[in-house]
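The primary structure of each chain is shown beneath.
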Amino acid sequence: VTVDGTGPFTRLCQIIDAPDLASDPGLATPAGRVRNRDRIEARLTDWTRQHSPRDVMIRLQSARIPAAAMLRPADLLVDPHLVARETFTALTQPQLGAIPTEHRHATFSTIADPPLQPAPRQGEHTRAITAELLGLTESEIDKYIDQGVLQEPSADPDGTL
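Just so it is clear, the structure is predicted and the values come from calculations on it, not from any experiment.

(A) Layout of the pattern of salt bridges. This structure, assessed with the given rule, holds 11 salt bridges. Across the pair Asp55 and Arg59 runs a salt bridge whose closest N-O atoms are separated by 3.0 Å. Taken together, the positions of Asp55 and Arg59, both in helix H5 (residues 53-62) and 4 residues apart, correspond to about one turn of that helix. By relative accessible area, Arg59 is classed as partly exposed at 34%. Beyond isolated ion pairs, a larger network of salt bridges with shared partners links Arg127, Glu138, Asp142 and Glu152.

(B) Quick peek at unusual backbone geometry. The backbone of Asp17 shows a phi angle near 55°, a positive value even though the residue is not glycine. Of note, the phi angle at Glu86 is positive, near 50°, even though the residue is not glycine. Mapped onto the elements, Glu86 comes out in the loop between helix H7 (80-84) and strand S1 (88-93). The class of Glu86 is partly exposed, set by a relative accessible area of 46%.

(C) Representation of the layout of surface pockets within the structure. The computed volume of the largest pocket comes to approximately 390 Å³. For the lining of the largest pocket, the secondary structure elements donating two or more residues are helix H1 (6-15), helix H3 (30-35) and helix H4 (37-48). For the lining of the largest pocket, the element with the most residues is H4, which contributes 4 residues. Broken down by class, the residue content of the lining of the largest pocket amounts to 8 nonpolar, 2 polar and 4 charged. One number sums up the size of the second largest pocket: a volume of about 240 Å³. Taken together, 13 residues line the second largest pocket, and the ones lying closest to its centre are Pro53, Val56, Ala68, Ala69 and Met70.

Conventions we followed
Numbering of residues begins from 1 in every chain and follows the order in which that chain's sequence is written. Per-residue local features are limited, in this predicted model, to residues with pLDDT of at least 70; the limit for side-chain atom pairs, both in listing and counting, is 80 or more; totals at the level of whole chains, interfaces and linings are taken over all residues. Working from all heavy atoms in the structure, the side-chain values ignore hydrogens and water. The working definition used for a salt bridge is a side-chain nitrogen of Lys or Arg within 4 Å of a carboxyl oxygen of Asp or Glu. What counts as a helix is a DSSP run of H or I of at least four residues, what counts as a strand is a run of E of at least two, and both are numbered from the N terminus. The cut-offs for exposure are 20% and 50% of the maximum accessible area for each residue type, with area from a 1.4 Å probe on protein chains only; residues under the lower value are buried, those over the upper are exposed, and the others partly exposed. The way it works is a 1 Å grid over only the protein atoms, where trapped points that fit a 1.4 Å probe form a cavity and open points with protein on both sides within 12 Å along at least five of seven lines form a pocket, and then any residue with an atom within 4 Å of a point lines it. Grid points are joined across faces, edges and corners, and a volume is the space filled by probe spheres set on the points. Residues were grouped as follows: Ala, Val, Leu, Ile, Met, Phe, Trp, Tyr, Cys and Pro as nonpolar; Asp, Glu, Lys and Arg as charged; and all remaining residues, including Gly, as polar.

Right, here's the structure in full:
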């Protein structure tokens, strides 16, 4: 919750039903509010305890008071703002199944959504990378795999990652 100025402070006092704070001459200035911060915060705390974080946020924002509810990881997947923007989607990851994955930070009319694909298995791209980037031949790659220098993915798709 951020209150900057007398107008927002007065609106805050109205929302939290604290007319005594709004009319207190000792709280009429920013310096007075800073000196009495503990008193103001105690009243705000008492009020916020009676409401859900989302309700507090909505009530304060509707009074033009900057406020945001803290979202814990479990809250992100069901937050109405993030759900409406399709921020998360399910991605099927081998050995893990469908997992929630961040899909887009924002929606753009001229920029496509990023491609989604499972994370590679350990060693999955060893041959392609060493051939393309290092210029190794298949026999050289086989030799390094046999020596344990390079690794191929497990033949067991249900094995460990």
